Amino acid sequence: MSREELEELAWRWREMARSLANRAGEDSSTSSRPPSSDDPYRRQERGKPNAAEVAADPSETALGKAGNAGKNKSGKSAGKQPGAKGHWRCQPIVVSAEVEHAPQACAACRSALGPERERRCVSAHNSLELVRADMALQVTATRHGYFALRCPCGHDNVERPRVGLSSSIEGRKRNLAMSERCLVGPMLAAFIAALSLRCRLSRRKIQEFLADWLDLELGVATIERCIHEFGLASEPVVEQLIEDIRAAEIVHLDETPWYQKGSLRWMWVATTALATVFQIGSRRKEELTALIGEAFLGWLVTDGYLAYRDHPRRQRCLAHLIRKGLALAEGYYDGGYGFGRDLVRDLRRLIERVHDGEGGDTPAVNRLMARIKGNCQRNRDGVEKKVRELAGEILNDWTAVVAFVFDPTLPPTNNDAERALRHAVIARRISFGTRTDEGSRFYAAALSVIDTCRKRGVETWSYAACLIADARAGLPSINIPTRAVA
Ligand SMILES: [Zn+2]
């Protein structure tokens, strides 16, 4: 090459490297990429003033920052501001039925109190309920009256709406307390929860939907309350589901980034053939222990995340390894091309062979495993970093990579857990996560109940309505029935 040609070539390469480097460094704040494509670990720094600016402004002390926690950019907390004009229902409720709640027997002498006795109404409330019929949805209003009766023995018996579960947070003006005295009936509350959790509609969109299609005016706070009531009612059921998971033979585990008020959390999922439990927390190992317990004896199917590593009975997800192998085979890795191609081919063949019932100690399967191992050993000290890493990863975790060969019940991939997380990942992209610890807890509990109901073939929303009704009445919750799955 002449000097000019060489200079021209060097110049072209420099330009190419520059444009690639620039593109690699782009994120949602510097390009038209969506925020969901940003690195979850760096997302928290986005929008914050950089260190130099903070240092230049001495008034910004650590104390001042803590005082602003919980406020957004405008300095106001979310929701209605103090002194703002309130909203009231302007839609009159047309009552179509009345239900009377009167004491049936005297609390002091246990004698029966018939309807012929003189009684007085002590309280009443209206309740809107969704009635489901074949191919029909209707909202009806019922007036619930509560009565007091004086027994001949002199005891005053008063019937009141029952009070159930509650969730209190220190310093909160209004805590969540479930009670039968409620404008929204259990089935309507379950319907609202379904619109939010299953259809992923925002509170405002639910409000719009109910007004447009059912001619029902509800405030955003009432809608929010229904969704939270379902979450709170789900929590006792999830405790039982965690027991089910811990007793299972095979558990799939996975985790995905989650945001709580913009800060990075992790959503964990543990799923078996008959139960799914979600949990939102840190990515530490304690979260894993909280899910499957210290003494889990079954098999875990996981990806390569380190927190899973010290469990003795584990199947590594081969789909992850195949994807990494494909990246080597299709990318610009000089020495990696052959390694990636052979690895992908052999792993797929191994899965097929075992799937066709050729597990264990057959010569063909043994040859295949020896070839995968040999391929990794030859490339363990390869030139390319990615090649070295993938080869080392497989060799270091060899027993977990091939565990499914010796136990035909083990699935070779973690698709079940990844599928369970898909719904939450889409919700995260729409809603940007949850905002409080309580909200995260309720969201995870509600999702666990919905997913498990679907898995067990139980009609989710009738069950949810029962759950809400029992939790409002202070009755113990009924666990999700286990039916034979077709
Ligand atoms: Zn009495």
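Up top is the structure.
Cut-offs used in this document
- Residues numbered from 1 in each chain as written.
- Predicted model: local features only at pLDDT ≥ 70, side-chain atom pairs only at ≥ 80, totals over all residues.
- Heavy atoms only, no water.
- Axes fitted to C-alpha atoms, helices over the stretch in contact; angles between N-to-C directions.
- Helix = DSSP H or I, 4+ residues; strand = E, 2+ residues; numbered from the N terminus.
- Parallel < 35°, antiparallel > 145°, perpendicular 65-115°, else oblique.
- Contact = heavy atoms within 4.5 Å.
- Nonpolar A, V, L, I, M, F, W, Y, C, P; charged D, E, K, R; others polar.
- Phe/Tyr/Trp six-rings, centres within 6.5 Å; stacked < 30°, edge-to-face > 60°.
- Buried < 20%, exposed > 50% of the residue type's maximum accessible area, 1.4 Å probe, protein only.
- Lys NZ or Arg CZ within 6 Å of the ring centre and 35° of its normal.
- Donors = N, O, S within 2.8 Å, 3.2 Å for Na, K, Ca; no water.

Novice: For the packing of helix α6 (residues 220–246) against helix α16 (residues 460–473), give the residues involved together with the corresponding values.
Specialist: One can describe the packing of α6 onto α16 by two numbers: an axis separation of 9 Å at closest approach and a directional angle of 90 degrees. The angle between α6 and α16 falls in the class roughly perpendicular. Contacts between α6 and α16 pair E229, F230, A233, S234 and V237 from the former with W461, Y463, A464, L467, I468, A471 and R472 from the latter. When its residues are assigned to classes, the contact of α6 with α16 shows nine nonpolar, one polar and two charged.

Novice: How would you summarise the packing of aromatic side chains if you had to cite specific residues and measurements?
Specialist: Applying the stated criterion across every chain, the model contains six aromatic pairs. Ring centres of W258 and Y443 lie 5.3 Å apart, and the angle between their planes is 20 degrees; on these two criteria the pair is classed as stacked. Taken together, the residues span a long stretch of sequence, with W258 in strand β7 (residues 250–260) and Y443 in helix α15 (residues 437–456) at a distance of 185 residues. The exposure classification of W258 matches that of Y443, with both residues buried. Ring centres 6.5 Å apart and planes at 50 degrees place the aromatic pair W268 and Y305 in the tilted group. Taken together, the residues W268 in strand β8 (residues 263–271) and Y305 in the loop between β10 (299–302) and β11 (314–316) connect sequence positions 37 residues apart. In this structure W268 comes out as buried when scored by relative accessible area, which is 0%. Each member of the aromatic cluster is reached from another via a ring pair, and the members are W268, Y305 and Y308. Over the aromatic face of F147 sits the side chain of R119, whose NZ or CZ is 4.3 Å from the ring centroid. When the ring centre of Y305 is taken as reference, the NZ or CZ atom of R283 above it lies at 3.8 Å.

Novice: Residues and numbers for the coordination of the zinc ion, please.
Specialist: Around the zinc ion, the donor atoms from the protein are C106 (SG), C109 (SG), C151 (SG) and C153 (SG), and they sit 2.2 to 2.3 Å away. All donor residues of the zinc ion come from one chain, and their arrangement in sequence is C-x2-C-x41-C-x1-C. Placement of the pair is C109 in the loop between β1 (97–101) and β2 (119–133) and C151 in the loop between β3 (136–150) and β4 (156–158), with a sequence separation of 42 residues. Judged by its relative accessible area of 4%, C151 is buried.

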